[in-house]
Amino acid sequence: MTARIRPATDLIALADAAAVLQRGGLVAFPTETVYGLGADAFDARAVARVFEVKARPSFDPLIVHLAEAASLDWVAVADDARIEALAARFWPGPLTLVLRRRPELPDIVTAGLDTVGVRVPAHPAARALIAAAGTPLAAPSANPFGYVSPTTAAHVAELLGDAVELVLDGGPCRVGLESTILSLAGDPVILRPGGLPREALEDALGTRLAVAAPSDRPLAPGQLQRHYATRTPLAILDQKAKAAPAGRERVGLLAQGPTHAPGFAAVEVLAPDGAVETAAARLFAALRRLDAMGLDRILAEPCAETGLGHAIMDRLRRAAAREA
Ligand code: TXA
Ligand code: MG
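Definitions and limits used
Residues numbered from 1 in each chain as written. Chains lettered and ligands numbered in written order. Predicted model: local features only at pLDDT ≥ 70, side-chain atom pairs only at ≥ 80, totals over all residues. Heavy atoms only, no water. Axes fitted to C-alpha atoms, helices over the stretch in contact; angles between N-to-C directions. Helix = DSSP H or I, 4+ residues; strand = E, 2+ residues; numbered from the N terminus. Parallel < 35°, antiparallel > 145°, perpendicular 65-115°, else oblique. Left-handed = near helix turned anticlockwise from the far one by under 90°. Contact = heavy atoms within 4.5 Å. Nonpolar A, V, L, I, M, F, W, Y, C, P; charged D, E, K, R; others polar. Buried < 20%, exposed > 50% of the residue type's maximum accessible area, 1.4 Å probe, protein only. Arc of directions from axis to C-beta. Pairing = 2+ DSSP bridges. Phe/Tyr/Trp six-rings, centres within 6.5 Å; stacked < 30°, edge-to-face > 60°. Lys NZ or Arg CZ within 6 Å of the ring centre and 35° of its normal. Polar contact = N/O pair within 3.5 Å; in protein donor to acceptor, adjacent residues only side chain to side chain. Core = buried A, V, L, I, M, F, W, Y, C linked by side-chain atoms within 4.5 Å.

Novice: Any chance you could explain the packing of helix α3 (residues 81-90) against helix α7 (residues 198-205) here in plain terms?
Specialist: Two measures define how a pair of helices packs: the angle their axes make with one another and the distance between the axes. It is at 10 Å that the axes of α3 and α7 come closest, and there the two elements cross at 130°. With respect to each other, α3 and α7 are oriented oblique. α3 and α7 meet at a crossing whose hand is right-handed. Contact residues: α3 offers Arg82, Leu86, Arg89 and Phe90, while α7 offers Ala200, Leu201, Asp203, Ala204 and Leu205. Of the residues assigned to the contact of α3 with α7, the class counts are 6 nonpolar, no polar and 3 charged.

Right under this line is the structure:
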C-alpha cells in the first residue's frame with residue numbers, strides 16, 4: 001500500500017479520512033505541533049495497528065486528541081478546577097494534560113496506566129477530522145519509534161508511506177515541536193517540555209513547575225534518553241560555531257541563527273530571523289535534511305533555555321544521547 005496524500009482543505013478527502021477511521025483504519029493528519037498517526041481511540045484493534053506501524057514498544061501510552069475541551073468527559077475524569085482553567089486558556093493548543101482516565105477507554109491506549117494524556121490540537125484540519133470521525137483519536141507522532149517527528153505531509157509519506165492509507169496534508173506544522181505534557185494526576189509535573197513554554201503554565205497555575213528528569217524507565221517514553229534521534233551522530237557545541245573541526249570528516253552544522261562559520265559540509269540555519277519560534281518550527285525538518293546527507297557528524301549550536309528554548313535543547317540533548 002502506498003499512502004495517498006490529499007489536501008486537508010478538501011472536504012471530500014476529509015470525509016474519506018473520517019470513513020477510514022470509522023472502519024478501523026489509520027490516517028495521518030496535521031496538527032500545529034507535528035503530524036499525528038490517528039486511530040479511533042475506542043477501537044483497540046485500530047490502536048494496536050498504530051503500535052505495529054510505528055514499531056513502538058507497547059508500554060508507551062498514546063495521546064488522545066479531542067475536537068473540543070467539552071468532550072473531555074469522554075476519556076478523562078475532569079474533577080479539578082485547574083483542568084478547566086488550563087483548558088480555557090491553552091486549548092486548542094500544544095498542551096497535553098495527563099489526567100485520570102475513564103475505564104471505558106481501551107487499555108492499549110494508555111498502556112495499562114490509570115491515566116490518559118489528552119489534548120485539543122489547534123490545527124483546524126485536525127479538529128475537523130476528529131469531529132467528522134465522531135470519536136476521539138489516539139495518535140502518536142507519525143514517525144517510526146525513536147526517530148524525528150514529521151512536520152510535513154511529505155515527511156510522513158516518506159517515513160510511513162507503505163503503512164497508512166491516507167495522509168491529510170495541512171501544510172508545514174506551525175509550532176514544529178511536540179506538545180508540552182503536564183501531569184495533573186499527582187503533584188503537577190512537566191513530563192515533556194514542548195510547544196507551550198513552561199513559563200506560560202507556571203503563570204496560569206501561579207506556581208513553579210518541576211520538569212521530570214529524562215530516565216530510561218520513564219513515565220512518558222518521550223522521556224527516553226535516546227529519542228528524536230538522527231542516524232548521524234550528533235553533538236551539541238558549547239557555543240556558536242566559529243569553524244568546522246579540522247580533519248577529513250564531513251561535518252554538518254545546525255546553526256541557531258545566521259552564521260559565517262567556514263569548513264562545514266552542510267549548514268542548516270534554524271532561525272534566519274533570530275526568533276526562537278522560527279527555530280522550533282524548523283528544527284525537525286532541518287535535522288532530517290542534515291541526516292539525509294550521509295555526513296560523518298552533526299554539530300548543533302545551543303540556544304538559550306527560556307521559553308521554547310527548553311524544548312529545543314531537550315530535543316537536541318536526546319538526539320545527542322548515546323545508546324546505552
Ligand atoms: O504534539 C504532540 O503531542 C504530538 C501530536 C501528534 O499531538 N503527539 C505526540 O505523541 O508527540 P507521541 O506519542 O509521539 O508522544 C506522546 C508522549 C509519549 O512520550 C507518551 O509516553 C506520553 O506522551 N504519554 C501519553 N500518555 C501518557 C500518560 N498517561 N502518562 C504519561 N505519559 C503519557
Ligand atoms: Mg513521538
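There's plenty left to go through after this.
Novice: Any chance you could explain helix α6 (residues 153-160) here in plain terms?
Specialist: At 3.6 residues per turn, the α-helix brings residues three or four places apart onto the same side. Those residues of α6 not exposed but buried are Ala153, His155, Val156 and Leu160. Across the axial projection of α6, the buried residues extend over an arc of 155°, all falling on one side. Contact partners of the buried residues in α6: β1 (4-7), β2 (27-29), β3 (36-40), α2 (44-54), β8 (166-169) and α8 (276-291).

Novice: For this particular structure, what's the right way to read the sheet that holds β3?
Specialist: Picture the strands of a sheet paired through backbone hydrogen bonds; they go either parallel or antiparallel. A sheet is described by the order of its strands in space; here 11 strands give the open sequence β1-β8-β2-β3-β7-β4-β6-β5-β9-β10-β11, paired in mixed fashion. Each edge of the sheet is formed by a strand with only one pairing partner; in this case those strands are β1 and β11 (210-211). Together, β1, β2, β3, β7 (137-138) and β8 form the strand contacts of helix α1 (residues 11-22), whose direction differs from that of β8 by roughly 140°. Against the sheet, helix α5 (residues 124-133) makes contact with β2, β4 (63-65), β7 and β8, and its axis sits at roughly 145° relative to β2, the strand it touches most.

Novice: What should I look at first to understand the packing of aromatic side chains in this one?
Specialist: What describes a pair of aromatic rings is the distance from one ring centre to the other and the angle between the planes of the rings. Scanning the model with the defined rule gives 1 aromatic pair in all. When the centroid spacing of 6.4 Å and the interplanar angle of 65° are considered together, the rings of phenylalanine 42 and tryptophan 74 count as edge-to-face. On the criterion of sequence distance, the pair formed by phenylalanine 42 in the loop between β3 and α2 and tryptophan 74 in the loop between β4 and α3 is long-range, its members being 32 residues apart. Judged by its relative accessible area of 32%, phenylalanine 42 falls in the partly exposed class. Positioned over the ring face of tyrosine 147 is arginine 231, at 4.3 Å from the centre of the ring.

Novice: Looking at this structure, I do not really get the sheet that holds strand β14 (residues 266-269). What am I missing?
Specialist: Taken together, 4 strands build an open sheet; the order of strands is β12-β15-β13-β14 and the sheet is parallel. The open sheet has two edge strands, β12 (234-236) and β14, and neither has a second partner. On average, each strand axis in the sheet is tilted by 20° relative to the strand beside it, whichever way the strands run. By the bridge criterion, 4 bridges tie strand β13 (residues 251-255) to β14 in an arrangement that is parallel. The residue bridging leucine 254 from the neighbouring strand is glutamate 268, located in β14.

Novice: Teacher, can you tell me more about the pairing of β3 here?
Specialist: Along any regular strand the residues' side chains alternate between the sheet's two faces. β3 sits mainly inside the fold: 5 of its 5 residues count as buried. Two strands pair when backbone bridges link them, and β2 and β3 are joined in this way by 3 bridges, in the antiparallel orientation. When the sheet's bridge partners are listed, valine 27 is paired in β3 with glycine 38. Between β2 and the antiparallel strand that follows it, β3, lie 6 residues. One ladder, built from 2 bridges, connects β3 with β7; its direction is antiparallel. Counted as the bridge partner of alanine 39 is alanine 138 from β7.

Novice: Mind showing me how you'd approach α2 here?
Specialist: By the burial criterion, the buried members of α2 are Ala46, Val47, Val50, Phe51, Val53 and Lys54. The arc that holds the buried residues of α2, viewed along the axis, is 170°, so those residues lie on one side. In α2, those exposed residues whose orientation departs by more than 90 degrees from the buried face are Arg45 and Glu52. Contacts made by the buried residues of α2 are with β3, α4 (107-110), β7 and α6. Capping the start of α2 is the job of one residue whose side-chain oxygen sits 3.1 Å from the backbone nitrogen of arginine 45: aspartate 43. Phi turns positive one or two residues past the end of α2, at alanine 55, with a value near 55°.

Novice: Is there a simple way to think about the nonpolar core in this case?
Specialist: Most often, soluble globular proteins have nonpolar side chains that are buried together. Counting residues in hydrophobic clusters, the biggest one holds 44 residues, and the most contacted among them are Leu95, Leu97, Leu182 and Leu201. Elements supplying a minimum of two residues to this core: β3, α2, α3, β5 (95-100), β6 (115-119) and α6. Looking at this core element by element, the count peaks at 5 residues for α2. When neighbours within four sequence positions are excluded, leucine 97 is seen to be in contact with Ile83, Leu86, Trp91, Val116, Gly117, Val118, Leu182 and Leu184. Counting residues in each nonpolar core, the second largest holds 26 residues, with Leu234, Ile298, Ile312 and Ala319 among its members.

Novice: What is the right way to look at the packing of α1 against α5 in this model?
Specialist: At a minimum axis distance of 9 Å, the contact between α1 and α5 shows a crossing angle of 55°. On the basis of the axis angle, α1 is oblique to α5. Of the two elements, α1 crosses α5, and the hand of that crossing is right-handed. Here Leu14, Ala17, Ala18, Leu21 and Gln22 of α1 lie close against α5, whose contacting residues are Ala125, Ala128, Leu129, Ala132 and Ala133. Residues of the contact of α1 with α5, tallied by class, amount to 9 nonpolar, 1 polar and no charged.

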